[in-house]
Amino acid sequence: MQDLINKEKAVVVFSGGQDSTTCLFWAKKRYEEVVAVSFDYGQKHKLELDCAKDICKKYGVEHHILDMGLLNQLAPNSLTRVDIDVDKEVPKDALPNTFVDGRNLLFLTFAAVFAKQRGITNVVTGVSQSDFSGYPDCRDVFVKSLNVTLNLSMDYQFVIETPLMWIDKAETWKLADDLGVLDIVKNETLTCYNGIKGNGCGECPACKLRKNGYLKYKKEFKSGE
Ligand code: ZN
């Protein structure tokens, strides 16, 4: 069994957004081979999946899109339902309606099942507790707990890696810069809840978070230039 384990490979949970694209290039620096896995959960903006596909094709990463339509059926949310608008502001005492119950739990679980079939132990995800917008499944305690559960469920030693866990959006831009992929992340990724690539619509919570992070990154790390 041990012989089949491949420490030179990693599976990246990949949405085509800023965070997971930064993680994809982070993994490419670390591993000989990276396999990206995206999920089709009925998101309104199929462009997100196109973006993921394009990035993988352009930078030579093997890419798989797994069907997760069940998620939309079970957990109505503003990312999949045309009749629910995305919250303009993050509510103070409730989860934003962009939160999808069970999403990271299912994505990471299926990515792990996928990884094990190939003898891969390392699974990379771009979740961050620093800028987590109140999403409970972006917290470190959740990831650590799931890691233990996955190991027990499949009798396998998964390592869930979270390079962005303790850094904010500004530092995520810095990481992209350090990896030499700032322009790729800036122009070729899609984070916007309204499905607009690059700088996005500028109005939705995801665009605001991304833009504020970029301005902070410029100010803190690039003001001398
Ligand atoms: Zn937007």
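Heads up: these notes are all about the structure in this document.

Rules behind the numbers
- Residues numbered from 1 in each chain as written.
- Predicted model: local features only at pLDDT ≥ 70, side-chain atom pairs only at ≥ 80, totals over all residues.
- Heavy atoms only, no water.
- Donors = N, O, S within 2.8 Å, 3.2 Å for Na, K, Ca; no water.
- Tetrahedral: all angles 85-135°; square planar, octahedral: opposite > 155°, others 65-115°.
- Helix = DSSP H or I, 4+ residues; strand = E, 2+ residues; numbered from the N terminus.
- Buried < 20%, exposed > 50% of the residue type's maximum accessible area, 1.4 Å probe, protein only.
- Contact = heavy atoms within 4.5 Å.
- Polar contact = N/O pair within 3.5 Å; in protein donor to acceptor, adjacent residues only side chain to side chain.
- Pairing = 2+ DSSP bridges.

### Side note on the coordination of the zinc ion
Then step 1. Here the zinc ion is held by Cys192 (SG), Cys201 (SG), Cys204 (SG) and Cys207 (SG), and the distances to it run 2.3 to 2.4 Å.
Then step 2. Here the zinc ion is ringed by four donor atoms whose angles at the metal span 104 to 117 degrees, and the overall shape comes out tetrahedral.
Then step 3. Between consecutive donor residues of the zinc ion, the sequence gaps follow C-x8-C-x2-C-x2-C. Placement of Cys192 in the loop between helix H7 (182–188) and helix H8 (205–222) and of Cys207 in helix H8 is noted, with a sequence separation of 15 residues between them.
Then step 4. Assessed through its relative accessible area of 3%, Cys207 is described here as buried.

### Structural notes on the environment of Met154
Then step 1. Summarising the element assignment, Met154 is placed in helix H5 (residues 140–154).
Then step 2. The sequence separation of Met154 and Val113 amounts to 41 residues, and the corresponding C-alpha distance is 8.4 Å.

### Digging into helix H6 (residues 169–178)
Because each turn of an α-helix spans 3.6 residues, side chains separated by three or four positions in sequence point in the same direction.
Then step 1. Within the sequence span of H6, burial applies to Lys169, Ala170, Thr172, Trp173, Leu175 and Ala176.
Then step 2. At its buried positions, H6 is contacted by helix H1 (18–30), H7 and H8.
Then step 3. Structurally, the start of H6 carries an N-cap: the backbone nitrogen of Ala170 is 3.1 Å from a side-chain oxygen of Asp168.
Then step 4. Phi turns positive one or two residues past the end of H6, at Gly180, with a value near 80 degrees.

### Topic: the pairing of strand E2 (residues 33–40)
Then step 1. Across the eight residues of E2, six count as buried, placing the element largely inside the fold.
Then step 2. Sheet analysis places E2 next to strand E3 (residues 62–67), joined by six bridges and oriented parallel. Each residue of the ladder has a partner; that of Val35, found in E3, is Glu62.

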